[in-house]
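Coordinates in review
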Amino acid sequence: MVEPIGDSLRDTIRARLREGRLPVLGGSAWAGHAPGDHRCACCHRTIRANEIEYEPRDQPAVYAHIGCFTAWLAESRLMERRPIMEADGTRAEESRELEDSFER
Ligand SMILES: [Zn+2]
C-alpha cells in the first residue's frame, strides 16, 4: 500500500529540484527490496528492510521510497515541462492533469 503523498513532501521535492539539490529524473528506475540501510533521497527516512525501494537508472546509488519516487518523478516532469510557475502562482492545466494521474 502506498502512503498518501502529502503536499509538504511534494513542495520539498519541488524546492530541492529547483535548487539543484535533487537531480531531475529521466523516468526509468530499478525497483527492489531494500537491504534496510539506504536513506531515501526525498524524505531522508531510512528505507526499511524489505520495503520496496527505487533506484533511478540515471542516478545510481540514490534511493527512494516508492511514494517518494512517484512524487519525485512527477515533480521532475513538471520541471521539464514548465520550469517557471505561472505569474499568478497557479499551475497550468496540463500540469494538474499530470499530477492527478500520479495520485490515484
Ligand atoms: Zn522517502
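For the structure itself, consult the block above.
As the structure is a prediction and not an experimental result, all values here were calculated from the model.

Rules behind the numbers
- Residues numbered from 1 in each chain as written.
- Predicted model: local features only at pLDDT ≥ 70, side-chain atom pairs only at ≥ 80, totals over all residues.
- Helix = DSSP H or I, 4+ residues; strand = E, 2+ residues; numbered from the N terminus.
- Expected span 1.5 Å × (residues − 1).
- Buried ≥ 20, exposed ≤ 12 C-beta atoms within 10 Å, placed from the backbone.
- Arc of directions from axis to C-beta.
- Contact = placed C-beta atoms within 7 Å.

Focus: helix α1 (residues 7-19)
Taking 1.5 Å of rise per residue, 13 residues should cover 18 Å, and α1 covers 18 Å from first to last C-alpha, within 8% of that figure. Here α1 has its buried residues at Arg10, Ile13, Arg14 and Leu17. Seen end-on, α1 carries its buried residues on one side only, within an arc spanning 100°. Pointing more than 90 degrees away from the buried face of α1 are the exposed residues Ser8, Asp11, Ala15 and Glu19. Those residues of α1 that are buried are in contact with α2 (66-81). Looking one or two residues beyond α1, the residue adopting positive phi is glycine 20, at roughly 80°.

Let's talk about the environment of arginine 16
Examined against the element boundaries, arginine 16 turns out to sit in helix α1. Remark: the alpha-carbon pair of arginine 16 and cysteine 42, spanning 26 residues in sequence, is separated by 8.9 Å. Among all residues touching arginine 16, those that are not within four sequence positions of it are Arg21 and Leu22.

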